[in-house]
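Tertiary structure, described
Spelled out, the chains give:
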Amino acid sequence: MGQLLLIAGAVTAVLISWLWSFLFAFAVRPYLRAKRLRDQGVRGPINGSFWAGNMEEIQRMKMEARDMVLDINSHDHLARISPHFVRWASLYGRVFMYCVGRKPWLFVGDPELVKQVLSNKFGLYRKMEVGAGFTALLGKGLVLTEGEAWARHRRVVSPAFTIEKIKTMTRIMAECAQSMIENWREKEEVEVGVEFQELTADVISHTAFGSSYAAGKEVFSTQKELQTLIILASFSKFDLPISKYLPTEANRRRWGLEKKLRATLVSVIEKRMASSWSERQDLLGLMMEACVNGEDGKTKLSMDEIIDECKTFFFAGHETTSHLLTWTLFLLSTSQDWQRKLRQEVLLQCGRSIPHPDQLAKFKLMTAVLLEALRLYAPVGAIARTAREDAELGPSLTVPKGTDIIIPISVIHHSKEIWGPDAGEFNPGRFENGASKAASHPGAMLAFSTGPRGCVGQNFALMEAKTVLSMILQSFSFSLSPGYKHMPTERITLQPGEGMRVLLRPLEE
Ligand code: HEM
């Protein structure tokens, strides 16, 4: 009897301690974090529910804005996509707090504070943890790794993205664009979103995988399917920690796709291992070189890490660039004047010939238009970090350890205080002296983020966009199809809600 009581007592103690840890992590710790922020004067909406925080309010505002169709000359998509941020920023300013479930999130919309977060050299802020779905999609590649592993990956990958290296890739970019344009010659109207998705996938397959690009295309289509499943799962109301292990139909489909993705990549890599070293000048080649020769340990990647890095490049590199091209075509369709100016710039520099990388570097107006497109329609609208330790931010705020921070790139890009009264207008002229001089703060342009974890593919994306855009401008004039509905929508990246059809008029040779 005594023994039974002893066991029951021990089980109860374990249960109580487990319950306390759970309660502490789930309710007490977030409450204490929120209290510390409030005690320092950080305001924010306080009418959230115990379980969902402000999520219900966010969902309600988003639902109300869901069917809003904007005028084609309005770039105010925040009213559609982030109505909660627009409302709260007008009430509480550039720094405020809201709750996602029990957790307080700190909204930091001040470029100086954003710089402090993103450029912190002591690793005070790490990337926020993402769900199992995204980890499956990206693996432990550059986007999701931290600390020493991230530094090692970045050291291996960076040499593939120097300007000199990218210049050698423009020939491939131009060949892919040429084949798309030839196709367009037989059409009067094209769905540019779809066209650019295919084009950028083609470019990344060629540049990352070289001669194995057909396998690259297979990786790409598998990843697309996985992405759709993951987005659908993220809307599920029953997303419990064990959900991902249950053999549901969606999970079985996901596991099958993950297996296929891995098998395709392993097969490409093994074929490469057996082939000649001279092929290894593409991105995959560079990583494999490091895998085999990086004996110093600082530049060594395992087979699994290479696989994850391949997944990362497909995910990070193609959709973002495709949307940049789509929104640029939208802006040039609604501003025929700028379309003419850019065509003139292209024809003056290189006539009807395929642009040389050195000529692309001289396209000042085109650079300004692309920056303005990235400002108004940033493909990545927000990024997030978590404070690893208590961290000083600005003159008077201490961010409690574990606080999630949201950096609202699009909100900062649309702020009149930062960009002036014409912040909502398409005015590429603001970039004539470069991005750092276009706003009241030199770091306000955040489309590629900034600091050590800024976008490694920035030069690649801009070079690709310039090559493709100049070749389109050489061949066609274009305008929006009358049926186009201006409904920018966020599906991980910012894209047209119902596609974008564009009318083409071939130019005289
Ligand atoms: C218009 C095109 C692009 C935009 C707007 C864009 C935007 C961004 C942003 C905002 C980040 C920071 C994410 C964060 O801190 O959470 C990022 C990181 C990254 N991007 Fe891009 N990107 C573009 C194109 C590309 C391309 C073409 C590639 C590769 C081929 C690429 C690869 C990456 C990688 C690997 C990272 C993670 C870097 C690190 O953490 O060290 N991106 N990008």
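These figures come from a predicted structure and were not determined experimentally.

What counts and what doesn't
- Residues numbered from 1 in each chain as written.
- Predicted model: local features only at pLDDT ≥ 70, side-chain atom pairs only at ≥ 80, totals over all residues.
- Heavy atoms only, no water.
- 1 Å grid on protein atoms, 1.4 Å probe; cavity = no way out; pocket = protein on both sides within 12 Å on 5 of 7 lines; lining within 4 Å.
- Points joined across faces, edges and corners; volume = space filled by probe spheres on them.
- Helix = DSSP H or I, 4+ residues; strand = E, 2+ residues; numbered from the N terminus.
- Nonpolar A, V, L, I, M, F, W, Y, C, P; charged D, E, K, R; others polar.
- Near = heavy atom within 4 Å.
- Polar contact = N/O pair within 3.5 Å; in protein donor to acceptor, adjacent residues only side chain to side chain.
- Pairing = 2+ DSSP bridges.
- Axes fitted to C-alpha atoms, helices over the stretch in contact; angles between N-to-C directions.
- Donors = N, O, S within 2.8 Å, 3.2 Å for Na, K, Ca; no water.
- Parallel < 35°, antiparallel > 145°, perpendicular 65-115°, else oblique.
- Left-handed = near helix turned anticlockwise from the far one by under 90°.
- Contact = heavy atoms within 4.5 Å.
- Core = buried A, V, L, I, M, F, W, Y, C linked by side-chain atoms within 4.5 Å.
- Buried < 20%, exposed > 50% of the residue type's maximum accessible area, 1.4 Å probe, protein only.
- UniProt positions renumbered as here; feature names shortened; annotations may be inferred.

On to empty space enclosed by the protein, then. A complete count under the given rule lists one cavity of 30 Å³ or more for this structure. Considered as a void within the structure, the largest cavity measures approximately 40 Å³ in volume. Elements that contribute at least two residues to the lining of the largest cavity include exactly helix 11 (213–234) and helix 14 (303–334). Take the lining of the largest cavity: its biggest share by element is four residues, from helix 11. For the lining of the largest cavity, the per-class residue count stands at three nonpolar, three polar and one charged.

As a further point, take the site of the ligand. Neighbouring residues of the ligand: 27 residues in total, closest Trp150, Arg154, Arg385, Arg453 and Cys455. In this structure, lysine 127 approaches the ligand through a side-chain N or O atom, which is 3.5 Å from an oxygen atom. Going through the elements one at a time, helix 7 (147–157), helix 14, strand 5 (383–387) and helix 20 (458–475) are the ones with two or more residues in the shell around the ligand. The dominant element in the shell around the ligand, judged by the number of residues it contributes, is helix 14, at six residues. In terms of residue class, the shell around the ligand is built from 17 nonpolar, six polar and four charged.

A few words now on the sheet that holds strand 1 (residues 95–100). Taken in spatial order, the five strands make up an open sheet running 1-2-8-5-3, and their pairing is mixed. Two strands in the sheet have a free side with no partner beyond their single neighbour: strand 1 and strand 3 (125–127). Across the sheet, the mean angle separating the axes of adjacent strands is 35° when strand polarity is ignored. Two strands pair when backbone bridges link them, and strand 2 (residues 103–108) and strand 8 (residues 404–407) are joined in this way by three bridges, in the parallel orientation. The residue of strand 8 that forms the bridge with leucine 106 is isoleucine 405.

Once that is clear, we can look at the coordination of the iron atom of the ligand. Looking at the iron atom of the ligand, one finds just one donor atom contributed by the protein, Cys455 (SG), at 2.3 Å. By the element assignment, cysteine 455 lies in the loop between helix 19 (416–419) and helix 20.

To continue, consider the packing of helix 12 (residues 249–274) against helix 14. It is the contact of helix 12 with helix 14, at a shortest axis distance of 10 Å, that shows an interaxial angle of 115°. As summarised for this structure, helix 12 and helix 14 are arranged roughly perpendicular, according to the angle between their axes. For the crossing formed where helix 12 meets helix 14, the hand is right-handed. Residues Leu261, Arg262, Leu265, Val266, Ile269 and Glu270 of helix 12 touch helix 14, and the partners they reach there are Met303, Asp304, Ile306, Ile307, Cys310 and Lys311. Class assignment of the residues belonging to the contact of helix 12 with helix 14 gives a composition of eight nonpolar, no polar and four charged.

Core analysis: the biggest nonpolar cluster contains 125 residues, and Phe161, Trp184, Phe196, Phe209, Trp419 and Ile472 have the highest contact counts within it. Considering every element that reaches this core, the biggest residue donor is helix 14, with 13 residues. Those residues in contact with tryptophan 184, other than ones at most four positions away along the chain, are Val190, Val192, Glu195, Phe196, Ile472, Phe476 and Leu504. Ranked by size, the runner-up nonpolar core spans eleven residues in total, among them Ile58, Met61, Phe96 and Val411.

Moving on: the UniProt feature "binding site: heme" (unreviewed entry) in the protein chain. The UniProt entry lists Cys455 under the feature "binding site: heme" (unreviewed entry), expressed in the numbering used here. Owing to a relative accessible area of 36%, cysteine 455 belongs among the partly exposed residues under this scheme. Those residues in contact with cysteine 455 that sit more than four places away from it in its chain are Arg154 and Phe448.

If you check the backbone angles, serine 449 has positive phi at about 60° while not being a glycine. With a relative accessible area of 17%, serine 449 lands in the buried category. The backbone of isoleucine 492 sits at a positive phi, close to 65°, despite the residue not being glycine. Position of isoleucine 492 relative to the elements: it lies in the loop between strand 10 (488–491) and strand 11 (493–496).

Taking strand neighbours across the sheet as the criterion, the three strands line up as 4-12-9 in an open arrangement whose pairing is antiparallel. Here the strands that pair on one side only, and so sit at the sheet edges, are strand 4 (189–191) and strand 9 (476–480). Geometrically, the sheet is characterised by an average inter-axis angle of 35° between neighbouring strands, direction not taken into account. Here three bridges tie strand 4 to strand 12 (residues 501–506), and the two strands are oriented antiparallel to one another. Bridged to glutamate 191 within strand 12 is arginine 501.

A separate point is the layout of surface pockets. Volume-wise, the second largest pocket comes out at about 540 Å³. Around the second largest pocket, the lining is made up of 21 residues, and of these Leu78, Val411, His414, Ser415 and Lys416 lie nearest the centre. For the lining of the second largest pocket, the secondary structure elements donating two or more residues are helix 3 (78–81), helix 4 (83–92) and helix 19. With four residues, helix 4 is the single largest residue contributor to the lining of the second largest pocket. For the lining of the second largest pocket, the class distribution of residues is nine nonpolar, six polar and six charged.

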